[in-house]
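# Fold and contact review
Given next are the chains, with one letter for each unit.
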Amino acid sequence: MSDIRIVVAGAAGRMGRTLVRIITETKGCVVSGAFEMKGHPLLGQDAGTLAGVGALGVAVTDDPLAVIAKADALVDFTGAKSSVELAGLAAQARIVDVIGSTGFSAEDDAKIEAAARHAVIIKSGNMSRGVNLLAALVKQAAKSLPGFDVEIVEMHHNKKVDAPSGTALLLGEAAAAGRGVSLADNAVRARDGVTGARKPGTIGFAALRGGTVVGEHQVILAGEHERVVLGHIAEDRSIFAQGAVQACLWGQGKKEGLYSMTEVMADVLGLSS
Ligand SMILES: NC(=O)C1=CN([C@@H]2O[C@H](COP(=O)(O)OP(=O)(O)OC[C@H]3O[C@@H](n4cnc5c(N)ncnc54)[C@H](OP(=O)(O)O)[C@@H]3O)[C@@H](O)[C@H]2O)C=CC1
Ligand SMILES: O=C(O)C1=N[C@H](C(=O)O)C[C@H](O)C1
């Protein structure tokens, strides 16, 4: 069987470079294209050289359509607004679109759902195995401890632009699902000033930013005289890239639609039954 041709969006970014490296290390996958926005200072550079794996003969272009048209999958860790546009291009080309970007609004999500009528789109705020297992544990814990207050704390590097993180929201969704409620109706995304006592049943978020932290998350279930603390520490971005490349492979030949890493990892994590 021939290699899966993967295009990397934002190939000069932190995740873009990591994705190029992980794709070259993954059997059955090849980097077939790489792009950045018009005017980016690294246009024309070799994507492999930027990723530190040696020249691949893939120059970073500013023409996403040209490379998407000749690919089997797109991996997109750029940002919410660009991912909405790129989902439209992936849908036109009918290729698998793996979206790792975070910071989406409800309107953005609706546009991505529309694009997923024409292509396989796999979207998740965190592509790592560990966080997707953590989400299943959080869902169970929230269900088993109905009276406990759920608080989610995250810390990321000082370049991150969105808060709460996509992972924190994913974990919040897991807790809400465990309780059979909607996150949108119960989330408290920030606190400042005289906020009043905590409203029972809410799911709170706190975001810290500093230094080069790759990503840390804690879900605290606080009850009377006891706390359950579940967490994940990302030590290297390769864990996200490995999940994204697995999603590219998993998505080949699947029916059009919007999927999450829960489906991609169900068998790997033994969560199918
Ligand atoms: N789901 C997951 O597992 C993970 C998700 N993320 C998410 O991925 C996203 C990127 O993170 P990170 O790599 O740290 O960020 P970076 O800023 O390092 O990389 C983003 C890259 O995308 C480029 N870019 C922006 N818009 C476009 C566009 N329209 N077309 C092509 N390239 C574009 C940026 O260019 P420029 O520099 O010019 O802006 C930049 O090079 C964030 O939303 C982050 O939260 C990160 C890690 C894991
Ligand atoms: O911006 C990042 O860096 C990360 N973003 C994702 C998020 O918003 O949760 C995933 C990871 O934590 C790193």
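Residues numbered from 1 in each chain as written. Chains lettered and ligands numbered in written order. Predicted model: local features only at pLDDT ≥ 70, side-chain atom pairs only at ≥ 80, totals over all residues. Heavy atoms only, no water.

Labelled according to an unreviewed UniProt entry, the protein appears under the name 4-hydroxy-tetrahydrodipicolinate reductase, originating from Rhizomicrobium electricum. Under the UniProt heading Pathway (unreviewed entry), the entry covering the protein gives this text: "Amino-acid biosynthesis; L-lysine biosynthesis via DAP pathway; (S)-tetrahydrodipicolinate from L-aspartate: step 4/4." The UniProt entry for the protein carries the following text under Subcellular location (unreviewed entry): "Cytoplasm". (UniProt positions renumbered as here; feature names shortened; annotations may be inferred.)

### Topic: the nonpolar core
Taken as a class, soluble globular proteins show a tendency for nonpolar side chains to be buried jointly. Counting 39 residues, the largest nonpolar core has Ile6, Val8, Leu19, Ile23, Val75, Val98 and Ile122 as the members making the most contacts within it. For this core, the leading source of residues is helix α9 (residues 238–251), giving 7 residues. Apart from the residues within four sequence positions on either side, Ile122 is in contact with Val96, Asp97, Val98, Ile99, Met127, Ala247, Trp250, Gly251, Tyr259, Ser260, Met261 and Val264. (Core = buried A, V, L, I, M, F, W, Y, C linked by side-chain atoms within 4.5 Å. Buried < 20%, exposed > 50% of the residue type's maximum accessible area, 1.4 Å probe, protein only. Helix = DSSP H or I, 4+ residues; strand = E, 2+ residues; numbered from the N terminus. Contact = heavy atoms within 4.5 Å.)

### Let's talk about the site of ligand 2
Near ligand 2, the surroundings consist of Thr102, Gly125, His156, His157, Lys160, Ser165, Gly166, Thr167, Val214, His217 and Phe240. For ligand 2, an oxygen atom lies 2.7 Å from a polar atom in the side chain of Lys160. Contacts to ligand 2 include Gly166, whose backbone N or O atom sits 2.8 Å from an oxygen atom. Burial of ligand 2 by the surrounding chains reaches 85%, relative to a free accessible area of 320 Å². Its residues assigned to classes, the shell around ligand 2 comprises 2 nonpolar, 8 polar and 1 charged. (Near = heavy atom within 4 Å. Polar contact = N/O pair within 3.5 Å; in protein donor to acceptor, adjacent residues only side chain to side chain. Areas by Shrake-Rupley, 256 points an atom, 1.4 Å probe, with all protein chains shown as cover. Nonpolar A, V, L, I, M, F, W, Y, C, P; charged D, E, K, R; others polar.)

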